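Structural description and commentary
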Amino acid sequence: MGRSFQDWWNSVPSDLKEKARKGDESNKVILNQVNYVLVHLHLAGKHDAKPSHEELKDWLHSGQVDTLRAAK
């Protein structure tokens, strides 16, 4: 397949990761946070930094990224 979520996440600028995860760093990344990063990369014209559709699908189906935060 393509990159793992962690491989891609390590390539994301740290300031963008911090904004996306602020206050939620101790939990697994959720789709909403990934979407936040994707929109900002898109608006900055950094299209080559975005994951492919297949990578996104793999991350969701393999459980590397959660779709929702489950209540504890």
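Residues numbered from 1 in each chain as written. Predicted model: local features only at pLDDT ≥ 70, side-chain atom pairs only at ≥ 80, totals over all residues. Heavy atoms only, no water.

1. Things to note about the overall build of the protein
Here is the rule we go by: The way it works is that DSSP assigns letters per residue, a run of H or I at least four long becomes a helix, a run of E at least two long becomes a strand, and they are numbered from the N terminus. Atoms considered for the radius of gyration are the C-alpha atoms alone. The globule rule reads 2.2 Å times the number of residues to the power 0.38. For every residue, the accessible area obtained with a 1.4 Å probe (protein chains only) is divided by the maximum for its type, and the residue is called buried under 20%, exposed over 50%, and partly exposed between those limits.
Each helix and strand in the protein was counted, giving 4 helices and 0 strands. Ordering the α and β elements of the protein from the N terminus gives α-α-α-α. Its C-alpha atoms give the protein a radius of gyration of 12 Å, near enough to 11 Å, the size a compact globule of 72 residues would have. Expressed as a percentage of its 72 residues, the buried residues of the protein come to 29%.

2. Comments concerning helix 2 (residues 14-21)
The criterion, for reference: Within this analysis, the arc is defined by the directions that extend from the helix axis to the C-beta atoms. We call two residues in contact when some of their heavy atoms are within 4.5 Å.
Residues of helix 2 that are buried: L16, K17, A20 and R21. Buried residues of helix 2, viewed axially, fall in a sector of 120°; they line one side. In helix 2, those exposed residues whose orientation departs by more than 90 degrees from the buried face are E18 and K19. Close packing links the buried residues of helix 2 with helix 1 (5-11) and helix 3 (31-43). Looking one or two residues past helix 2, G23 carries a phi angle of roughly 85°, positive in sign.

3. A word on the nonpolar core
In plain terms, the rule: Residues belong to one nonpolar core when they are buried, are Ala, Val, Leu, Ile, Met, Phe, Trp, Tyr or Cys, and are joined through side-chain atoms within 4.5 Å.
If you look at the biggest cluster of nonpolar residues, it comprises 13 residues, and the most contacted ones within it are F5, W8, W9, V12, V34 and V37. Among the elements of the structure, helix 1, helix 2 and helix 3 are those that each provide at least two residues to this core. Element by element, the count of residues in this core is highest for helix 3, at 4 residues. With residues near it in sequence (within four places) discarded, V37 still touches W8, W9, V12, L16 and A20.

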